[in-house]
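# Remarks on the overall topology
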Amino acid sequence: MFAALLSSFDISIPVTPTILMSLFLLVAAIWGVFSMIVRYHWREYGTSALESAKISVIYFTGSGILLFGAAIFLALYSLNAA
Amino acid sequence: MIEIDKNERIVRTVRKHWLVLVGDVFILIFAIAMPVILLVAGHYLPIENILTFIGPAWQVGGFFLFLWLTAVWMFGFLLWTDYYLDVLIVTDKRVFDIQQHGLFRRESSAFRIDRIQNITVEVKGVLQTFLDFGTIRIETAGEREDFIANYISHPYEIKKFLNECQDIAADESQAVHFARAMPAAGTKAPPQSQSTNPSDPSIA
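## Some points on the interface of chain A and chain B
The partner chain B presents 30 residues to the 33 residues of chain A that form the contact. The set of elements that each furnish at least two residues to the side of chain A that touches chain B consists of α1 (2-8), β1 (13-15), α2 (17-45) and α3 (49-81) of chain A. It is α3(A) that contributes the most residues to the side of chain A that touches chain B, 13 residues altogether. Each residue belonging to the side of chain A that touches chain B can be placed in one class, and the counts come to 23 nonpolar, 9 polar and 1 charged. With 3 bridges joining them, β1(A) and strand β2 (residues 51-53) of chain B adopt parallel strand pairing. Among the inter-strand pairings, Pro14(A) is bridged to a residue of β2(B), identified as Thr52(B).

Structure, rendered in structure tokens:
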């Protein structure tokens, strides 16, 4: 029923690389602000400097891989669209 | 930063039991599984009628998958930070109770170890008994309300440890009093005035 309802609307949203890039930049900006806040908390309120350093390495490595993955797909899509 | 003195030393850090994270882990598992659910739903929903792709749709899918996983990753670390910063810190002088609620609300209270009057441990139920966690209630001297820490790992061991710290603090306090009293005992005693009090035992 929901599918039929969606089909009845004459809506077409073009998924352009520009839209995806804007979305990527928005997420990257949120990630940057969030990272600064959590890093501050770990550094200032953490009980061990070594633990804080370890968790920072894990967090930034994981984030880097995920954002890099998103960037790769964005680049591929942009190339194909061009 | 934890507001301890320069000459104060952290002797133990106590966190809640890992079981408190189980609910959060389930939320994260559900969040990670969400793209799969959407993928299945995509077969039944006419997404192609709504979205117009310029290139291959799977690349857009991959892009959104990685963005979603980045968001889940951040959320996971938010939950972990909340757990990690919720801590009981025992120094050689005081006990700090730090409660972190989200990122922008933090409560920190402290009391001196030598002010502890009673420590009660409460382990309720099968889960707490087998996984060795429970509630610690600490009564301190003064009008301050009891200090209560829930879901603490190894509560009996913590109680024993706090009792030992209390004994050491009491011994040190006695030693300081004794050291202060000793030089006074070594000096010449002040002359005693003639007592006229009949109850004075020095008057034979």
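## A few points about unusual backbone geometry
Residues and elements named next belong to chain B. Positive phi values are uncommon outside glycine, yet Tyr151 reaches one of about 55 degrees. Along the polypeptide, Tyr151 turns up in strand β8 (residues 147-153). Look at Tyr151 and you get partly exposed, because 17 C-beta atoms sit within 10 Å. Here the phi dihedral of His154 falls at roughly 45 degrees; this positive angle occurs in a residue that is not glycine.

## Focus: the confidence of the model for chain A
Regions with low pLDDT carry predicted coordinates that are not meant to be interpreted in detail. When the pLDDT values of chain A are averaged, the result is 89; 88% of them are 70 or greater. When the elements of chain A are averaged for pLDDT, α1(A) gives the smallest value, 63, and α2(A) the largest, 95.

## Side note on α2(A)
Helix length check: α2(A) (29 residues) gives 41 Å between terminal C-alpha atoms against 42 Å at 1.5 Å per residue, within 8%. Taken together, the buried positions of α2(A) are occupied by Pro17(A), Leu20(A), Phe24(A), His41(A) and Trp42(A). In the core, the buried residues of α2(A) are packed alongside β1 and α3 of chain A together with α3 (57-84) of chain B.

## Quick notes on the sheet that holds strand β3 (residues 87-91) of chain B
Residues and elements named next belong to chain B. Reading across from one edge, β1-β3-β4-β5 is the order of the 4 strands in this open sheet, with antiparallel pairing throughout. Two strands close off the open sheet at either side, each with one partner strand: β1 (10-15) and β5 (105-112). Taking each pair of neighbouring strands and ignoring which way they run, the sheet shows an average axis angle of 15 degrees. Both strand β4 (residues 94-101) and β5 contribute to a ladder of 8 bridges, which runs antiparallel. Within β5, the position partnered with His101 by the bridge is Arg105.

Rules and cut-offs
Residues numbered from 1 in each chain as written. Chains lettered and ligands numbered in written order. Predicted model: local features only at pLDDT ≥ 70, side-chain atom pairs only at ≥ 80, totals over all residues. Contact = placed C-beta atoms within 7 Å. Helix = DSSP H or I, 4+ residues; strand = E, 2+ residues; numbered from the N terminus. Nonpolar A, V, L, I, M, F, W, Y, C, P; charged D, E, K, R; others polar. Pairing = 2+ DSSP bridges. Buried ≥ 20, exposed ≤ 12 C-beta atoms within 10 Å, placed from the backbone. pLDDT = per-residue confidence, 0-100. Expected span 1.5 Å × (residues − 1). Axes fitted to C-alpha atoms, helices over the stretch in contact; angles between N-to-C directions.

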